There are 4 protein chains.
Amino acid sequence: MQQILDDIAAQMALETELGQVADYIPQLAHVDPNQFGISVATPDGQVYAAGDASTLFSIQSISKVFTLTIGLGKLGNTLWSHVGREPSGDPFNSITILEYESGRPRNPFINAGAIAVVDAIMMGHEPREILGEILQFVHFVADDDSIRFDHRVAASEMAHRDRNAALAHFMKSFGHLKHEVNKVLGVYFHQCSIAMSCQQLARAGLFLVSNGVNQHTGIRVINPQRSKRINSLMMMCGHYDGSGEFAYRVGLPGKSGVGGGILTIAPGKGSIAVWSPGLDPVGNSKLGLKALELLVEKTGWSVFSD
Amino acid sequence: MQQILDDIAAQMALETELGQVADYIPQLAHVDPNQFGISVATPDGQVYAAGDASTLFSIQSISKVFTLTIGLGKLGNTLWSHVGREPSGDPFNSITILEYESGRPRNPFINAGAIAVVDAIMMGHEPREILGEILQFVHFVADDDSIRFDHRVAASEMAHRDRNAALAHFMKSFGHLKHEVNKVLGVYFHQCSIAMSCQQLARAGLFLVSNGVNQHTGIRVINPQRSKRINSLMMMCGHYDGSGEFAYRVGLPGKSGVGGGILTIAPGKGSIAVWSPGLDPVGNSKLGLKALELLVEKTGWSVFSD
Amino acid sequence: MQQILDDIAAQMALETELGQVADYIPQLAHVDPNQFGISVATPDGQVYAAGDASTLFSIQSISKVFTLTIGLGKLGNTLWSHVGREPSGDPFNSITILEYESGRPRNPFINAGAIAVVDAIMMGHEPREILGEILQFVHFVADDDSIRFDHRVAASEMAHRDRNAALAHFMKSFGHLKHEVNKVLGVYFHQCSIAMSCQQLARAGLFLVSNGVNQHTGIRVINPQRSKRINSLMMMCGHYDGSGEFAYRVGLPGKSGVGGGILTIAPGKGSIAVWSPGLDPVGNSKLGLKALELLVEKTGWSVFSD
Amino acid sequence: MQQILDDIAAQMALETELGQVADYIPQLAHVDPNQFGISVATPDGQVYAAGDASTLFSIQSISKVFTLTIGLGKLGNTLWSHVGREPSGDPFNSITILEYESGRPRNPFINAGAIAVVDAIMMGHEPREILGEILQFVHFVADDDSIRFDHRVAASEMAHRDRNAALAHFMKSFGHLKHEVNKVLGVYFHQCSIAMSCQQLARAGLFLVSNGVNQHTGIRVINPQRSKRINSLMMMCGHYDGSGEFAYRVGLPGKSGVGGGILTIAPGKGSIAVWSPGLDPVGNSKLGLKALELLVEKTGWSVFSD
C-alpha cells in the first residue's frame, strides 16, 4: 500500500492541470494549488501516507459526514423529518429545488441539508455548546485532540454568507429551521472550517470501514446499520451533481469538500483521504479524483466488483 | 439460502398492503397483485427460488440494463455522448430536465435516456434487426433461448405512447435522436415487453455479480470495468427518484420495472430477482422492496458494510 | 397617416441590422430579409400602406388570434378549460411549464396553447373540415376570399414537427387533447401557413379595433366583451417572453409571428400590420418592432396614455 | 360616478365570500374583513368615494409603483440594469426564477424586483434618508402631508422577513444588491407599511391618468413616456401570477397589495382605489376585484375597447 501511495503521489506531482482553487473567500483563494496529499487507514491499525499528507486543510463539506453521524445519534430516524435522502441532481448551493419541495432539502450533503442538520442537532443550545460537541466528536472518531476550528475561515465564510443565508432564510420561511439563521450559520461555517490533515481525516473515517467500529481504538461509534446507511448517502449524494461521475469512476462512497479534500470509504478495506486544492467545474478536487481512480485501479477496491 | 427465500415468501404472503398495479395499459392493469416471486442465482452454479418464481412477467425498465450493456459493447465510451450518467432526482418520465439540458437525458435508466440508448444502438438498422439482437443478447446472458417479447404488451404501449413520444420528439428536436421516432419507440416498447420469470432474470444478472463473467456458463459477457460501471449506474439511477431510498434501505445496485420486477446485484455474492406487481408511489414493487430488505438483513449482503 | 407610413418605410429602408430570418424550415429560411411592409386600416374605411405591404408572407402565430376568436365563438368560456390566460414568462415552445401545470398550457398564444385551441375547436371533425372553417373565418374578417394556405409551408412544418409534436404528445399524455396528435398538428401547421399581405392582415384585425365590429363591412364578428378580452390576451401574451418588452415599447395589444409579421390593435384608432422577415432573439420582427415604436411615437397611439 | 360607487359599495356589502385576510403578520391578520372602500379621482378635480374610503390601510405592494417612479426619476433607463420588465408567471415571492436568471429579478413588481429597486435608489444613503425621500414623494403625488409609515407593521414584517431575506441574500450572492441586506429590507418593509385611505390613494395615482401630470395640482410628476411605461408595467406585472386574469377581467393597469388595496389607472379617465382586506388565492383583494369589474362594466372604462 505504501508503494501504491508513493507511486500515486509521484504521478500527481507531474500533473499540470490542477483545476481552480476555490476563491469565494480569501482564506481558500490563497492556498497554494501545488499540493497533494493522500493517506489510507486500514482496519489492521496501519496508516499509510504520501505527499502533503500531514498538512492541515479546511475540510469544508466533508464535515457534513460528521454532523450527519451526530444527528443520527441524537435524533435517530426522526432526523429524516428534517432532511431527505435522495440525490438532488443539482449544484451544492441550488435553491430552486427547495421551492418545489416546500423548503425541505433533498439530502444532508447539499448545503441546505447540512444547514438543516445543524439546526436539528442544536436543540435549543447555544452555538458555543454545539460547536464543542462537534469538535469533541471529531476528536473522538479521529482519536486526535489536536484538531481545531479555523476561526478566520469561519469568520470569512460568515462575511460572504449570502448564498447560504438565502438557503437558510428560505428554509426558515417554510418553518424548517427552528433557531436564528445567523446562529445556525455560525455553527455551520465553524463546522466547515475544521482543519485536518489527510492522516487525521483517514483515521476519522475508519468507523465507516468496519460497520461502525473504529478498529484502531476498538470503540464502536455507531451501530452497523447506520454505518451502512451513511455510506449509502455518501455514495448517492456525496459529490453534488458530480455524484454519478464519482460512483462511475471511483465506485466507493465518498464526500468531497471545496477545500480540496475527499474522504472515501472502502468497506472492510480502508478509509482514504486525499487532498489537493484545485477543483474541477463541479467543485471536487481534480487531482484528488485522479488519485482515487488510480488507487482503486491498483487495489481493485470498488463496491461494484467482486 | 433456500430457507431464507422460503421464509421471505411466506412472510410476503401475509402482507396485505400490496401497492397499486400499473394501470396505464390493460396488459399490466389486469395482472393479479397477489403474486410474489423471488430467485437468487449464485456464482457457484445454484439458483434458489420461492413463491411465483417461474411465472413470466413484463420486465419493462429492467430491460434498460441489457440495452445499456449492448450499447457499451457496440459504442464503448462514445455511448456517453448520447446520454449522461448522473442521477436525475426526477420521476422516470420527467421532461423538464431535458429542456434545461438541451434535450440530452441525464442517464440511461430514465425513459428518455433508455430511448436515446435505443437510438444509439440502432445505427441505421431496421427495428426488426435490432430487436433480434436484443433478444439474442438476453438469451445469451440468461442462458435461455425460450425468452420472448410480448407483442400485445408492446402494441398496447405503442397505443399509449404519448408521454414517451413527447420525450422522443423533444430529444429529436434537439438533434439527439437520429432515427424516426416511431421506429425508436417500437424498439423501446418491445424491449420493455420482454417476459421473464424471476429465475430467468436472476440468471441473466449473473454476469454483473462476477466482474462481467457469467459463472454458470463460464462465458465473459463484458470486461470487469464495464461490469463495475453498470453496477454503479444501477446504484445511482436504478429507481428514478426512489434511488436514494433503495440505496439506503437495500444497499445494493438494482433496477426496477413498472411490471413489478426488480433485479438486484450483490457483487461476488449473487444475482437476485424479485417480482410482485403492486407498486409504491414512486413506481417500485412494494413487496419486492420489502423482500430485498429482509434478504439483505438475513444475508448481510450490502456493498456498504464489511 | 399616409405620410407617417411613408416616413417609416423610408427610415426602415436605411436600417442595416435586420435580425435573423427564421431558418427551421426552408420555406422561411429562403425569404429575402430586405423587405418591409406596413399597413394601417382605420374604422373610417381607409387602408393606408407603405413598403412591401401587398407582398404575401406566412402569418404563422398571428393565426392564433383567429383560432382563439373561433374558439371563443364555438365554445364560449368553456374554452378556458382547455387553456389558461396568464403570461408564461417562457419562450414560445417551452415544455417545462406544461409539466409543472399537468399539461395544461398557460395561454392560447404559446404553441402548446394554440395546439390545445385547435384540438378544442375540432370537435370530432376531420382536419379538412376544420381548415375550411378557419379559412372561411379569415376570409370573413379580412373581407377577402383570395387568402390561401401555403401547403408547402405546412408540409415543411409537418416534416420538422418534433418540438410541436413533443408539446402535443405531452398534453395528450395528460388527457388535454382529444384528437390524434398528427391530425391536430396538421390543422395547426396549415393555420400557421396562411399567406397574407400587410393590407389583408390590417383589415382582418379591424374587428378588434371597434369592439367586435368590422367597421368597413359593418358586420359584428364578436361581442364587445370578447373583443376586449382578446385584446387583453394579445397584450399580456402576444409576444412570448418578449410580451413585457412589447407592452413597454409599443403599448398596444399585438401578436407576432415567426414569419416576421406583427398584427397590432389600437382600440378605436386602427389596426396595424407590419412585416419584415428578420427576427430579434425572442422571435419578433426586428424592423417591425422599430416601425411600431415610430408609429406610436408619431400618432400618440397607446392604451397607456391619455 | 357617485351613484355608480354607491351602488358598488351597496352590492359589496351583500357579499359573503370575502376571501382570506393576509395572516403572515399579526398587524394584517387582525384587520376586520368586513370592510370595503372605493374612491375615484378624475382629472377634472373631483374625488368620488363610497364605503370605507377614508379608512387607512397598509398599501403594501402598491408602494412599488411609487418607488419604481422614484427609481426611473433618479436612474432613468439604467434602472433596467437592476431589474427586468417581463411578467414572471410566478407567485410574488418565488425564488426559483432568480436562479435561472442569475439573480436578476424579472420585473419591479415581484418582491425581488422591488427590493432591487430599493437597493438601486439607496445610492449609498442611509435607510432614514431614503425613507424620508419616499414619504416626501408620496406626499407630493397624493398632495397630502399627513400620510405616514406604520412602524409597527414595518417592525413586524422585519421580524417575519425570512422569505424576503432569502430573496435579498440570494440576489446579493449574485452581486445584484450593493447595500446591506438588512438595511435594504428595512427600507422595503417601511415602504410597504405606508398607511393610506382609498381617497388618498386615488389622488396619488392621478399622475398616471394624465400622462405624468397630476391634474388636481397641475404639477408634472414625470414625463409622458414614463407615465405610459409605468402603466404598461402595471398592466403586465401588477398582480403576480394573477396579472393575466386582471387584464382579462378588468382591462386596466393596476397594482394590488396584500393589505387588500388595488390602485387602478384608466388613462384619461380616472384613478381608482379600492380596498377590502380579504384576498383571493393569488393574493389580490377579492371584493376589490369584483368592484373593479362592476366599475368597468358600468363606465365602459377599458384600455382594450374603443
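Residues numbered from 1 in each chain as written. Chains lettered and ligands numbered in written order. Predicted model: local features only at pLDDT ≥ 70, side-chain atom pairs only at ≥ 80, totals over all residues. Heavy atoms only, no water.

If you check an unreviewed UniProt entry, chain A appears there as Glutaminase from Psychrobacter coccoides. Regarding chain A, the UniProt comment filed under Catalytic activity (unreviewed entry) reads as follows: "L-glutamine + H2O = L-glutamate + NH4(+)". Looking at chain A in UniProt, the text filed under Subunit (unreviewed entry) is "Homotetramer." (UniProt positions renumbered as here; feature names shortened; annotations may be inferred.)

Caption draft 1: Just the pairing of strand β10 (residues 270-275) of chain C, in detail. All names here are of chain C. The element β10 is largely enclosed, with a buried count of six among its six residues. Side chains G270, I272 and V274 of β10 all project onto a buried face; the interleaved residues S271, A273 and W275 project onto the opposite face, where all are buried too. In this sheet, β10 lies alongside strand β2 (residues 37-41) in antiparallel orientation, the contact comprising five bridges. Bridge pairing links G37 to W275 in β10. (Buried < 20%, exposed > 50% of the residue type's maximum accessible area, 1.4 Å probe, protein only. Helix = DSSP H or I, 4+ residues; strand = E, 2+ residues; numbered from the N terminus. Pairing = 2+ DSSP bridges.)

Caption draft 2: Looking closely at helix α13 (residues 286-299) of chain C. Over its 14 residues, α13(C) runs 20 Å from end to end, which matches the ideal 20 Å to within 8%, given 1.5 Å per residue. Listed as buried for α13(C) are C:L287, C:G288, C:L289, C:A291, C:L292, C:L294, C:L295 and C:V296. Structurally, α13(C) contributes buried residues whose contacts are with α1 (2-13), β2, α12 (243-249), β9 (261-266) and β10 of chain C together with α11 (224-237) of chain D. N-capping of α13(C) is provided by C:S285, with a side-chain oxygen placed 3.0 Å from the backbone N of C:G288. Once α13(C) ends, the next one or two residues include C:G300, with phi positive near 75°. (Expected span 1.5 Å × (residues − 1). Contact = heavy atoms within 4.5 Å. Polar contact = N/O pair within 3.5 Å; in protein donor to acceptor, adjacent residues only side chain to side chain.)

Caption draft 3: Broad picture of the packing of aromatic side chains. Summed over all chains, the structure comprises 24 aromatic pairs over all chains. Geometrically, the ring pair formed by C:Y248 and D:W80 is edge-to-face, given 5.4 Å between the ring centres and 80° between the ring planes. Note that C:Y248 is positioned in helix α12 and D:W80 in the loop between α3 (63-75) and α4 (96-100), a pairing that runs across two chains. Of the two residues, C:Y248 and D:W80, neither departs from the other in class, the shared state being buried. Taken together, a centroid distance of 5.6 Å and an interplanar angle of 50° make the contact between D:Y188 and D:F189 tilted. Residue class for D:F189 comes out buried when judged on its relative accessible area of 2%. (Phe/Tyr/Trp six-rings, centres within 6.5 Å; stacked < 30°, edge-to-face > 60°.)

Caption draft 4: Spatial organisation of the UniProt feature "binding site: substrate" (unreviewed entry) in chain A. Residues and elements named next belong to chain A. Here, the residues flagged by UniProt with the feature "binding site: substrate" (unreviewed entry) are S61, N111, E157, N164, Y188, Y240 and V258. With respect to the helices and strands, N164 occurs in helix α8 (residues 162-173). We classify N164 as buried; its relative accessible area is 11%. Beyond its immediate chain neighbours, meaning those up to four positions away, N164 contacts N111, I115, L185, Y188 and F189. Here N111 takes part through its side chain, which lies 3.0 Å from a polar atom of the side chain of N164. Looking at where V258 falls in the secondary structure, it is placed in the loop between β8 (254-256) and β9 (261-266).

Caption draft 5: A look at the nonpolar core. Among the nonpolar cores identified, the biggest contains 415 residues, and A:M196, B:M196, C:M196 and D:M196 are the most heavily contacted of them. In this structure A:M196 touches A:T55, A:L56, A:F57, A:I59, A:F66, A:V138, A:A142, A:I147, A:L201 and A:A204, once residues within four positions along its chain are discounted. If you look at the next biggest cluster of nonpolar residues, it comprises six residues, including C:A22, C:I25, C:L28 and C:V153. (Core = buried A, V, L, I, M, F, W, Y, C linked by side-chain atoms within 4.5 Å.)

Caption draft 6: Quick look at the interface of chain C and chain D. The interface of chain C with chain D comprises 36 residues on the first partner and 37 residues on the second. Of all residues in chain C, C:K228, C:Y248 and C:F304 give up the largest surface area on contact with chain D, accounting jointly for 26% of the area buried on that side. Across the contact surface, chain C and chain D share two salt bridges. Taken together, the links from chain C to chain D amount to 16 residue pairs in polar contact (both at pLDDT 80 or more). (Buried area = accessible area lost by both parts, 1.4 Å probe. Salt bridge = Lys/Arg side-chain N within 4 Å of Asp/Glu carboxyl O.)

Caption draft 7: The arrangement of the state of the cysteines in detail. The tally for this structure, following the rule as stated, stands at zero disulfides over all chains. Here B:C192 stays unpaired: no disulfide links it, and the sulfur of B:C237, its closest cysteine neighbor, is 17 Å away. (Disulfide = S-S within 2.5 Å.)

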